[in-house]
Amino acid sequence: MRRIMFKISGEAMSGEKEFGFDDKVLNDICEQIKLALKEKIEVSVLLGGGNFIRGRDIAEIDKYRADQIGMLSTVMNGIYFKELLKQNNIKSSLYSSFKCDGIVDLFDKDNAEVDLKNGVVVLFVGGTGHPYFTTDTGVVLRALELDCTEVLLAKSIDAVYDDDPKINKSAKRYDKITYDEILNKNLKVVDLSSITLAKDNNLKLHIFSLNEKDAIKRAMLGEKIGTIICGG
Ligand code: UDP
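Everything quoted here is computed from the prediction, not taken from an experiment.

Chemist: Give me the lowdown on the side chain of Ser14, citing residues and values where you can.
Modeler: With respect to the element layout, Ser14 can be found in helix H1 (residues 10-14). Polar contacts involving the side chain of Ser14 include one to the main-chain carbonyl oxygen of Glu11, which spans 3.2 Å. Contact partners of Ser14, with chain neighbours within four places excluded, come to Phe19, Gly20, Phe21, Asp22 and Asn51.

So, in structure tokens, the structure goes:
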């Protein structure tokens, strides 16, 4: 049985609107999740929060508190995406890394695994539950906790490059790159803490852009799009 962890960043949630929700993008994601479920793939999704606010955007207050506000953004995204899955007749459950009594259940590995085995899409919010991290690390952490075989990261960029391709037209694009190369070259496509965690546990990460047609479906079905980050 394949068990996939998929991260939808806040940027992806808002699509062209740059704030809030873009239902067109989200309904398209729902359709692609349906196809994965049909293939008997177990699907879990971790939501980012950048479509509302990131801790680093509120430098006026203590970082600890700013990051808590950032984590709450991910909770709003989870509630909304669960509703869209429901409208698309997809069963889902929603778990938070911290207590949100009366709104979202607290993460529990056993409950999440039962859901996955029953074909329920499991949504995760709250990242790691700790300030000073981002949801890139949260998604690797949850994937390890749930024994996922792979992590799909839908980003605004289509692959890993050795420089910003918007600024440097001759930036090198990677189909495959090792954890060490990312760490040594200090490439910022994902948080380096998430790369270290993935490296320590030999968990493969797959980065691609949601702007490519059927990107999630293609990545889930093993097509070579974007960049694979692995041990070699
Ligand atoms: N955040 C945090 N700890 C975590 C995950 C997230 O403090 O484990 C906060 C942090 O402020 C971050 C915000 O929540 O900026 C939203 O997460 P992220 O920036 O990863 O969202 P994305 O860019 O993927 O939409």
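Chemist: I'd like a description of the sheet that holds strand E2 (residues 42-47), backed by residues and values.
Modeler: Taken together, nine strands build an open sheet; the order of strands is E4-E3-E5-E2-E1-E6-E10-E11-E9 and the sheet is mixed. Looking at strand neighbours, the two that pair on one side only are strand E4 (105-106) and strand E9 (176-178), the edges of this open sheet. Taken strand by strand, helix H2 (residues 23-38) contacts strand E1 (3-8), E2 and strand E5 (121-125), and its axis lies near 150° from that of E2. Against the sheet, helix H5 (residues 135-145) touches E1, E2, E5, strand E6 (150-155) and strand E10 (205-209), its axis set at about 170° to E1.

Chemist: Could you give an account of the site of the ligand, with specific residues and numbers?
Modeler: Neighbouring the ligand are 19 residues, the closest being Lys7, Gly10, Asp67, Thr128 and Thr135. The separation between an oxygen atom of the ligand and a polar main-chain atom of Gly10 is 2.6 Å. Within the backbone of Gly50, an N or O atom sits 2.7 Å from an oxygen atom of the ligand. The protein chains hide 95% of the 520 Å² of surface that the ligand would expose on its own. No other element matches the three residues that helix H3 (residues 63-87) contributes to the shell around the ligand. Residues that form the shell around the ligand fall into these classes: three nonpolar, 13 polar and three charged.

Chemist: An account of the packing of H2 against H3 is requested, with residue identities and associated values reported.
Modeler: Remark: H2 packs on H3, axes separated minimally by 10 Å, with the N-to-C direction vectors making an angle of 60°. Put simply, H2 runs oblique to H3. When the axes of H2 and H3 are compared, the crossing they make is right-handed. Residues Asp23, Leu26, Asn27, Ile29, Cys30 and Ile33 of H2 form the contact with H3, whose own contacting residues are Tyr80, Phe81, Leu84 and Leu85. Here the residues of the contact of H2 with H3 are counted per class, giving eight nonpolar, one polar and one charged.

Cut-offs and rules
- Residues numbered from 1 in each chain as written.
- Predicted model: local features only at pLDDT ≥ 70, side-chain atom pairs only at ≥ 80, totals over all residues.
- Heavy atoms only, no water.
- Helix = DSSP H or I, 4+ residues; strand = E, 2+ residues; numbered from the N terminus.
- Polar contact = N/O pair within 3.5 Å; in protein donor to acceptor, adjacent residues only side chain to side chain.
- Contact = heavy atoms within 4.5 Å.
- Pairing = 2+ DSSP bridges.
- Axes fitted to C-alpha atoms, helices over the stretch in contact; angles between N-to-C directions.
- Near = heavy atom within 4 Å.
- Areas by Shrake-Rupley, 256 points an atom, 1.4 Å probe, with all protein chains shown as cover.
- Nonpolar A, V, L, I, M, F, W, Y, C, P; charged D, E, K, R; others polar.
- Parallel < 35°, antiparallel > 145°, perpendicular 65-115°, else oblique.
- Left-handed = near helix turned anticlockwise from the far one by under 90°.

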